[in-house]
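# Summary of the model geometry
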Amino acid sequence: MSEVLLKEMYKELVEIRRKLEVIEEIIVPKEEITKEEMIEIEKLKEESLKGENISWKDLKKELNL
C-alpha cells in the first residue's frame with residue numbers, strides 16, 4: 001500500500017476512535033464519588049493488601065451459607 005493510503009486510513013481510524021469515545025461517554029455515564037467514599041475505598045484497599053480480611057470459606061460458614 002502506498003504511504004498516502006496508509007495515512008488516510010490512519011486519519012479515518014483516529015476519527016472513528018474519537019466518535020466511539022463520544023458514544024461511550026453518552027452510553028456509560030460517569031459516576032462521581034464523594035471524598036468519604038474514596039477514603040473508604042482506599043481504606044479497604046489497604047486492608048486487603050495487608051491481608052486484613054476474612055476468607056470466603058470462613059464467611060460462608062459464619063453466615064450459614
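Note that the coordinates shown come from a computational prediction; the quantities given were computed from them, not determined experimentally.

The next thing to look at is the overall build of the chain. Assigned secondary structure in the chain consists of three helices and zero strands. Listed N to C, the secondary structure of the chain is α-α-α in terms of helices and strands. Its C-alpha atoms give the chain a radius of gyration of 23 Å, more than 25% over the compact-globule value 11 Å for 65 residues. By its C-alpha atoms, the chain is 65 × 30 × 25 Å across when sized along the principal axes.

Right, let's get into unusual backbone geometry. Of note, Asn64 is a non-glycine position whose phi angle comes to about 55°, a positive value. Note that Asn64 resides in the segment after α3 (56-62). The exposure class assigned to Asn64 is exposed, which follows from its relative accessible area of 69%.

Moving on, we come to the confidence of the model for the chain. Model confidence for the chain is summarised by a mean pLDDT of 89, while 100% of its residues fall at 70 or above. Averaged over each element, pLDDT in the chain is lowest for α3 (86) and highest for helix α1 (residues 3-27) (94).

Once that is clear, we can look at a nonpolar patch on the surface. A cluster of nonpolar side chains, contributed by Leu13, Ile16, Leu20, Val22, Ile23, Ile26, Ile27 and Val28, occupies part of the molecular surface with about 790 Å² of accessible area. Here Leu13 lies in helix α1. Leu13 gets classed as exposed once you look at its relative accessible area, which sits at 55%.

Given 3.6 residues per helical turn, the α-helix brings residues three or four places apart onto the same face. Look at helix α2 (residues 35-50): 23 Å from first C-alpha to last across 16 residues, which is about the 22 Å you get at 1.5 Å a residue. Phi turns positive one or two residues past the end of α2, at Gly51, with a value near 90°.

Okay, the pattern of salt bridges next. Counted according to the given criterion, the structure contains two salt bridges. Among the salt bridges present, the one from Lys7 reaches Glu3, with a minimum N-O distance of 3.3 Å. Of this pair, Lys7 and Glu3 both sit in helix α1, four residues apart, roughly one helical turn. One salt bridge connects Arg18 with Glu15, and the closest N-O pair in it is separated by 2.6 Å. Taken together, the residues span about one helical turn, with Arg18 and Glu15 both in helix α1 at a distance of three residues. The exposure class assigned to Arg18 is partly exposed, which follows from its relative accessible area of 43%. The partly exposed category is assigned to Glu15, whose relative accessible area is 32%.

About the cut-offs
- Residues numbered from 1 in each chain as written.
- Predicted model: local features only at pLDDT ≥ 70, side-chain atom pairs only at ≥ 80, totals over all residues.
- Heavy atoms only, no water.
- Helix = DSSP H or I, 4+ residues; strand = E, 2+ residues; numbered from the N terminus.
- Rg over C-alpha atoms; globule rule 2.2 N^0.38 Å.
- Buried < 20%, exposed > 50% of the residue type's maximum accessible area, 1.4 Å probe, protein only.
- pLDDT = per-residue confidence, 0-100.
- Patch = residues over 30% accessible without salt bridge, like charges linked within 9 Å, V, L, I, M, F, W, Y side chains within 5 Å.
- Areas by Shrake-Rupley, 256 points an atom, 1.4 Å probe, with all protein chains shown as cover.
- Salt bridge = Lys/Arg side-chain N within 4 Å of Asp/Glu carboxyl O.
- Expected span 1.5 Å × (residues − 1).

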